[in-house]
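Topology and contacts: notes
Next come the chains, spelled out residue by residue.
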Amino acid sequence: MADRLVGQDAHLRLRTQPALTVWTSEEAAAWERGTLHAPGSRVQHWPDSGHYLHEEHVHRTIRLLRDWADRAADG
C-alpha cells in the first residue's frame, strides 16, 4: 500500500490547512501521518470500517468531525 502512495508524498506535504483523514489500513494511516505538517491535522485508523464511515459508524463519525472542527476553531 505505502509503495503505491510514495509518489504523492511531495504533493501532500504542501498542504497548509489542517486535514482529517480516516484509514482502514494501519500502514496507510502511518504513511499519511508522515505527510501532515499543518497544525490541527489528524489521522485516524478505523480497522472495522469500509468506505461509508458516515453510514457504518454514524455517532463515531459525528463525534470525530465535531471534535476535530472544535479544536481547529480553537487553534
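This one's a predicted model, so the numbers in the text were calculated from it and none came from an experiment. (Residues numbered from 1 in each chain as written. Predicted model: local features only at pLDDT ≥ 70, side-chain atom pairs only at ≥ 80, totals over all residues. Heavy atoms only, no water.)

Let us look at helix H5 (residues 58-74). Taking 1.5 Å as the rise per residue, H5 with 17 residues should run 24 Å; its terminal C-alpha atoms sit 24 Å apart, in good agreement. Buried residues of H5: Thr 61, Leu 64 and Trp 68, and no others. Projection of H5 onto a plane perpendicular to its axis shows the buried side chains occupying an angular sector of 65°, all on one side. Exposed and facing more than 90 degrees away from the buried side of H5 are His 59, Arg 63, Arg 66, Ala 73 and Asp 74. Those residues of H5 that are buried lie in contact with strand S1 (20-23), strand S2 (42-45) and helix H4 (53-56). (Helix = DSSP H or I, 4+ residues; strand = E, 2+ residues; numbered from the N terminus. Expected span 1.5 Å × (residues − 1). Buried < 20%, exposed > 50% of the residue type's maximum accessible area, 1.4 Å probe, protein only. Arc of directions from axis to C-beta. Contact = heavy atoms within 4.5 Å.)

A separate point is the confidence of the model for the protein. Taken as a whole, the protein shows an average pLDDT of 86; of its residues, 88% reach a score of 70 or greater. By mean pLDDT, helix H1 (residues 2-5) is the weakest element of the protein at 56, and S2 is the strongest at 96. (pLDDT = per-residue confidence, 0-100.)

Relative to S2, S1 runs parallel, the two being bridged by four bridges. Pairing of Trp 23 across the sheet is with His 45, part of S2. Taken together, S1, helix H3 (residues 26-33) and S2 form a β-α-β motif whose crossover is right-handed. (Pairing = 2+ DSSP bridges. Right-handed = clockwise from strand over helix to strand, strands pointing away.)

Our focus in this paragraph is the packing of aromatic side chains. The full count for this structure, using the stated rule, is one aromatic pair. Here the aromatic rings of Trp 23 and Trp 31 are separated by 6.5 Å at their centres, their planes lie at 90°, and the arrangement is edge-to-face. Over the ring of Trp 46 we find Arg 60, and its NZ or CZ is 3.9 Å from the ring centre. (Phe/Tyr/Trp six-rings, centres within 6.5 Å; stacked < 30°, edge-to-face > 60°. Lys NZ or Arg CZ within 6 Å of the ring centre and 35° of its normal.)

In this structure the tally under the stated criterion is five salt bridges. Across the pair Glu 32 and Arg 15 runs a salt bridge, and its minimum N-O distance is 2.9 Å. Residue Glu 32 is found in helix H3, and its partner Arg 15 is found in the loop between helix H2 (9-12) and S1; the two are separated by 17 residues along the sequence. In this structure, Arg 60 and Asp 48 form a salt bridge, with 3.3 Å as the shortest nitrogen-oxygen distance. Residue Arg 60 is found in helix H5, and its partner Asp 48 is found in the loop between S2 and H4; the two are separated by 12 residues along the sequence. Taking relative accessible area as the criterion, Asp 48 reaches 47% and is therefore assigned partly exposed. (Salt bridge = Lys/Arg side-chain N within 4 Å of Asp/Glu carboxyl O.)

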